Amino acid sequence: MCGRYVMSKATGDLLSYFDAKEVEGSPPPPSWNVAPTQDVPIIAERLDEDSINRHLLIGRWGLVPSWAKDIKIGSKLINARSETILDKPSFRKAALKRRALIPAEGYYEWQKTEDGKKIPNYLYSEKEPLLGFAGLYEFWPDPQMPEDDPGRWLLSCTVLTTTTQDALGHVHDRSPVIIPRDSFAEWLNPDMTDKTEVRSLLDSLPEPVLTPRIVSTKVNRVGNNGPDLIEPAA
């Protein structure tokens, strides 16, 4: 699964790395301990008049389907199993029409030991400054607000997960789906709306090469933040 990650890069760095043209919304401050229900940057391709452009959007982490009765469901949908997104009611429409990249510098996972302890690990790429998590996004209309109020619409997102490959399986059995940089355009392509094509792309993704680093248990507390969280544990 993916329940905490790092996103401290400046907005300009994200626009450059993901080749995005526009920013919509107010980017959140740098964070070394991003947690569910917080606002996060996401990358998506949208239609601008007659052309499709790549945008940096700001969404709430925890997907709220358009049919949801209230926002609370989002806290249960921070992750989506990539194996079932094309079938589950909460994700299947977004999987075909609203795919996104969720920028991250790395993420945390807790390794369980035989004596029941949980050791926090920070997983990152030694070659790439940023990772592109495969994500989905949705727009939810708040029933408590007037229909003509632009603020009525909540943008939310979820991170896709998959079975962890052997190289990192000792840390946790689930991990984020990571889209390689040369596949960004294919994943975001709004014209890819066929279930078979989406499934084929997911199945063809290479195993990411990540490095795990044991870090301090300070990351366990959401209120803790700062670059020291990703430093090796003393």
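Up top is the structure these notes are about.
What counts, and where the lines are drawn
- Residues numbered from 1 in each chain as written.
- Predicted model: local features only at pLDDT ≥ 70, side-chain atom pairs only at ≥ 80, totals over all residues.
- Heavy atoms only, no water.
- Helix = DSSP H or I, 4+ residues; strand = E, 2+ residues; numbered from the N terminus.
- Rg over C-alpha atoms; globule rule 2.2 N^0.38 Å.
- Buried < 20%, exposed > 50% of the residue type's maximum accessible area, 1.4 Å probe, protein only.
- Areas by Shrake-Rupley, 256 points an atom, 1.4 Å probe, with all protein chains shown as cover.
- Pairing = 2+ DSSP bridges.
- Axes fitted to C-alpha atoms, helices over the stretch in contact; angles between N-to-C directions.
- Arc of directions from axis to C-beta.
- Polar contact = N/O pair within 3.5 Å; in protein donor to acceptor, adjacent residues only side chain to side chain.

J.: Just to check I follow, could you spell out the overall build of the chain for this structure?
T.: Counting its regular elements, the chain contains four helices and 13 strands. In terms of C-alpha radius of gyration, the chain reaches 17 Å, essentially the compact-globule figure of 17 Å for 234 residues. Oriented by its inertia axes, the alpha-carbon framework of the chain measures out at about 55 × 40 × 35 Å. The buried share among the 234 residues of the chain stands at 48%. Carbon and sulfur atoms make up 49% of the accessible area of the chain, which totals about 12,000 Å².

J.: How should the environment of Gly-62 be read in this particular structure?
T.: Structurally, the position occupied by Gly-62 is in the loop between strand S5 (51-61) and strand S6 (79-81). In the structure, Gly-62 is positioned 72 residues away from Ala-134 in sequence and 14 Å away in space, judged by C-alpha atoms.

J.: I tried to follow the sheet that holds strand S13 (residues 211-214) on my own but got confused; where do I start?
T.: Backbone-to-backbone hydrogen bonds pair the strands of a sheet. The strands run either parallel or antiparallel. Here we have five strands laid out as an open sheet, ordered S3-S1-S8-S9-S13, and antiparallel in their pairing. Each of the sheet's edge strands pairs with one partner strand only, and the pair in question is strand S3 (31-34) and S13. Across the sheet, the mean angle separating the axes of adjacent strands is 30 degrees when strand polarity is ignored. Taken together, the two bridges between strand S1 (residues 5-7) and strand S8 (residues 106-112) define a ladder with antiparallel strand orientation. Bridge pairing links Val-6 to Gly-106 in S8.

J.: Could you clarify how one ought to interpret helix H4 (residues 195-204) in this entry?
T.: Each α-helix turn comprises 3.6 residues. Residues three or four places apart therefore point the same way. For H4, the complete set of buried residues consists of Val-198, Leu-201 and Leu-202. Summarising the axial view, the buried residues of H4 lie within an arc of 95 degrees, below the 170-degree limit, and thus occupy one face. In H4, the exposed residues that point more than 90 degrees away from the buried face are Thr-196 and Asp-203. Capping the start of H4, Asp-194 holds a side-chain oxygen 2.9 Å from the backbone nitrogen of Thr-196, two or three residues further along.

Read these as geometric descriptors, not functional statements.
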